Amino acid sequence: MDGIRATLCSRNAHKARELERLLPGWTIEPLHAENWPEETGATYVENARAKAVFGREVLGPDRTYIGEDSGLEVAALGGRPGIESARYAPEGAPAIAKLLAELDRVDERAARYVSELVCLMPHGEVRGSGTLAGYIAEESRGAEGFGYDPVFVPEGEERTVAELGDGWKQRHSHRARAARALLAALGGALVLVAAGCGGMDRDTKKVLHAFFAGGPVARALGERFPHKPGTLPCVLHDKGVKLQATCATDISLVQPARAVVTLTEAWTHGAKAHTWFFFIRRDGTVQSVIQEGAPAPKP
Ligand code: IMP
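Reading the values: the criteria
- Residues numbered from 1 in each chain as written.
- Predicted model: local features only at pLDDT ≥ 70, side-chain atom pairs only at ≥ 80, totals over all residues.
- Near = placed C-beta within 6 Å.
- Helix = DSSP H or I, 4+ residues; strand = E, 2+ residues; numbered from the N terminus.
- Nonpolar A, V, L, I, M, F, W, Y, C, P; charged D, E, K, R; others polar.
- Buried ≥ 20, exposed ≤ 12 C-beta atoms within 10 Å, placed from the backbone.
- Arc of directions from axis to C-beta.
- Expected span 1.5 Å × (residues − 1).

Peer 1: Tell me what's going on with the site of the ligand, and back it up with residues and numbers.
Peer 2: What surrounds the ligand is a group of 17 residues, the closest being S70, S85, A86, G147 and Y148. Secondary-structure elements contributing two or more residues to the shell around the ligand are β3 (64-74) and α3 (85-88). Top contributing element to the shell around the ligand by residue count: β3, with four residues. Its residues placed into classes, the shell around the ligand shows six nonpolar, seven polar and four charged.

Pasting the structure below:
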């Protein structure tokens, strides 16, 4: 989805560079700030959100902020260092030496990277999660990436992430997956609306038609979004990503200048049901998105 200008709330220059490449079409500005808060959340999501909230405190409520938190979870260490990964030992050689010492003569070396992204918009937030499964090598190999990459071998590979390199990371890393999930969360749902999924009664169709007839940009959006009732369930291909959902849409005008698209979707590939509220300005740009999630009922 194009046109989102966001402030990236991260002190880690490696992560900031990775994320900039992972959100094509977005304008990403780094947050320059002092006195960053301690990471005290009980989960990655809480820490990611705290970073985004800190950005909002520094620059004000009208922008979009991205917070990210990530970590390495090692099965034989009961999931440690996990959320404490950044504080386990100084990043790089010291953290790797400590990890290899803890795993000395340990055969079970399964591990995974986790990344959580929280995108905080003026009226709500959207999230994306990603993981990368693998194992911890016996010794450090490779020069690219950062952190634990010289000892992390992804599933199905023989080389470490530091050997596989930044190009590989951009396609397959936990952060790449989290960024794709975030983009799918924002853009995929709009694609579903575009295809006219869901049942709309006459009145909402009339309201939507009137709304999108409002100006050239809105008309262009209306052409992309034919908003005719679709059949359920729907399967769509969005830039190579197969989206499957059953969903219902409802559109209402809350103010003359703003429409709200409510999209309730039940994804068939993940056990999640979501309701999305897209606040769309009259010029056709998305002002903000709120997602409410709940576990899907058992089939
Ligand atoms: P935080 O998200 O800033 O709390 O830091 C997460 C920590 O997890 C980093 O300092 C690294 O030690 C580790 N980590 C997260 N992502 C990666 C990665 O892509 N490669 C290697 N280490 C990572």
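Additional details are given in the paragraphs that follow.
Peer 1: Quick one: what's the story with unusual backbone geometry, residue by residue and with numbers?
Peer 2: P81 follows R80 through a cis peptide bond whose omega is -10°. When you line up the elements, P81 lands in strand β4 (residues 81-82).

Peer 1: Quick one: what's the story with the environment of A42, residue by residue and with numbers?
Peer 2: Relative to the helices and strands, A42 resides in the loop between β2 (27-30) and α2 (44-59). Among the residues examined, A42 registers 8 C-beta atoms within 10 Å and is labelled exposed. In the structure, A42 is positioned 41 residues away from I83 in sequence and 8.0 Å away in space, judged by C-alpha atoms.

Peer 1: Give a description of helix α1 (residues 13-22) that names residues and reports values.
Peer 2: Along α1, the positions that sit buried rather than exposed are E18, L19 and L22. Projected down its long axis, α1 carries its buried residues within an arc of 95°, all on one side.

Peer 1: Hey, could you go over α2 for me, with residue numbers and the actual values?
Peer 2: Along its 16 residues, α2 runs 23 Å from first to last C-alpha, staying within 8% of the 22 Å computed at 1.5 Å per residue. Residues of α2 that are buried include every one of Y44, N47, A48, R49, A50, K51, A52 and G55, and no others. G60, located one to two residues past α2, shows a positive phi value of around 105°.

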